[in-house]
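Coordinates in review
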Amino acid sequence: MRRPSPVDRRRRFRRRGERGIPLRAIAPNLVTALALCAGLTAIRFAIAGEWQTAVLMILIAGVLDGIDGRIARMMHGESRFGAELDSLSDAIAFGVAPAMVLYLWSLESVPRLGWLLALVHALFCALRLARFNAQIDLDHQPHKSAGFLTGVPAPLGALTAMTPIYFWIWTGRPEFRDPLLVAPWIAFTAILMISSFATWSAASLRLRQRIRFEAVAVLVVVAAAIVSAPWPTLAVASLLYLATIPLSVRAYRRVRRQSGATGDPGPPPE
């Protein structure tokens, strides 16, 4: 069956907007609203100094953000309202909330520079989302057509920005709370969000037939590790994700070379 073109999607969103929000769109929008509330609640716990709970709320927001789109597609409840609400939720849950948590946790000791970097994280997250929304209906998207994203997505940008907190909770060492470490780290992860690097898109990755069982086994091990030792697992996972960025850039260049030779953007990466 032919996939709807961007023009068809715009017309569908316009027709739905004229009729109002369909009832089946309430469930995914509710999940998106819960993600927004989780992000705001993280700020509340950060103000109270409950750092583990604050980080946990942002992680919950990330999980909710990962399932709201799938729920919408499953229920055929996509709407323009939901797309706009999702961007607003992401800007708060993965831009404002992590910036406030990191500022109150570490950067408050250097208020001028610390607040500037907190603003940079929140602003760059909003800029990334604005770029995504501006390009969502474009027919020509080289990264997306090849199965990649442009830059680090907002949820992963927030989770990688909080890597020093994971190490601090895990080891208890005060060095990880030092603004001299946290400040450049926030700047680094913020730049990754607005970068033009090609990064892996989980939605377009395909597993080879012979390794699907092994992949399920790895996911089970990772889930068990998160339950039994969440902070070491999150710390290592953040660094491993960052280590995959050079690999994804290399893979994208290879796909583009192949598409340049054949005129076909190629299949999603395996």
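Scroll up to find the structure this text is about.
In what follows, the accompanying structure is described. Fair warning: this is a prediction, and the values are worked out from it, not measured in the lab. (Residues numbered from 1 in each chain as written. Predicted model: local features only at pLDDT ≥ 70, side-chain atom pairs only at ≥ 80, totals over all residues. Heavy atoms only, no water.)

Some details on the overall build of the chain
On a plain count of helices and strands, the chain comes out with eleven helices and two strands. The helix and strand sequence of the chain, counted from the amino end, reads α-α-α-α-α-α-β-α-α-α-β-α-α. For the chain, the proportion of its 270 residues judged to be buried stands at 41%. Taking contacts inside the chain between residues at least 6 apart in sequence as the whole, the part at least 24 apart equals 82%. Looking at the chain as shown, the accessible area adds up to about 15200 Å², and 67% of this sits on carbon and sulfur atoms. (Helix = DSSP H or I, 4+ residues; strand = E, 2+ residues; numbered from the N terminus. Buried < 20%, exposed > 50% of the residue type's maximum accessible area, 1.4 Å probe, protein only. Contact = heavy atoms within 4.5 Å. Areas by Shrake-Rupley, 256 points an atom, 1.4 Å probe, with all protein chains shown as cover.)

Comments concerning the side chain of T189
With respect to the helices and strands, T189 occurs in helix α9 (residues 179-194). The residues touching T189, leaving out its near neighbours within four places in the chain, are G157, T160 and A161.

Focus on the environment of W200
Structurally, W200 can be placed in strand β2 (residues 198-200). Between the C-alpha atom of W200 and that of V249, which follows or precedes it by 49 residues, the distance is 8.8 Å.

Here's the deal with a nonpolar patch on the surface
There is a patch of nonpolar side chains on the surface, built from V110, L113 and L116 and spanning about 240 Å² of accessible area. Given a relative accessible area of 46%, L113 falls into the partly exposed group. (Patch = residues over 30% accessible without salt bridge, like charges linked within 9 Å, V, L, I, M, F, W, Y side chains within 5 Å. Salt bridge = Lys/Arg side-chain N within 4 Å of Asp/Glu carboxyl O.)

A few points about the pattern of salt bridges
Scanning all chains against the criterion turns up one salt bridge. Across the pair R173 and E175 runs a salt bridge, and its minimum N-O distance is 3.4 Å. Overall, R173 belongs to the partly exposed group, its relative accessible area being 46%. Residue class for E175 comes out partly exposed when judged on its relative accessible area of 43%.

Considering the packing of helix α7 (residues 154-161) against helix α8 (residues 163-171)
At a minimum axis separation of 4 Å, α7 and α8 run at an interaxial angle of 40°. Considered as vectors, α7 and α8 are oriented oblique to each other. Contacts from L159, T160 and A161 of α7 reach α8 at T163, P164 and Y166. For the contact of α7 with α8, a count of residues per class yields four nonpolar, two polar and no charged. (Axes fitted to C-alpha atoms, helices over the stretch in contact; angles between N-to-C directions. Parallel < 35°, antiparallel > 145°, perpendicular 65-115°, else oblique. Nonpolar A, V, L, I, M, F, W, Y, C, P; charged D, E, K, R; others polar.)

What to know about the environment of Y166
Tracing the backbone through its elements, the reader meets Y166 in helix α8. For the pair formed by Y166 and W231, sequence separation is 65 residues and the distance between their alpha carbons is 5.2 Å. Discounting chain neighbours no more than four positions away, the residues touching Y166 are V55, L59, L159, W231, L234, A235 and S238.

Focus on the packing of aromatic side chains
A complete count under the given rule lists eight aromatic pairs for this structure. With a centroid separation of 5.6 Å and 65° between ring planes, the pair formed by W105 and W168 is classed as edge-to-face. Of this pair, W105 sits in helix α4 (residues 80-105) while W168 is found in helix α8, placing the two residues 63 residues apart along the sequence. One exposure class covers both W105 and W168, and it is buried. On the basis of an interplanar angle of 75° and a centroid distance of 5.5 Å, the ring pair of F148 and Y252 is categorised as edge-to-face. Of this pair, F148 sits in strand β1 (residues 148-150) while Y252 sits in helix α11 (residues 230-262); the two residues are 104 residues apart in sequence, bridging distant segments of the chain. Across the pair, exposure class does not vary: F148 and Y252 are buried alike. (Phe/Tyr/Trp six-rings, centres within 6.5 Å; stacked < 30°, edge-to-face > 60°.)

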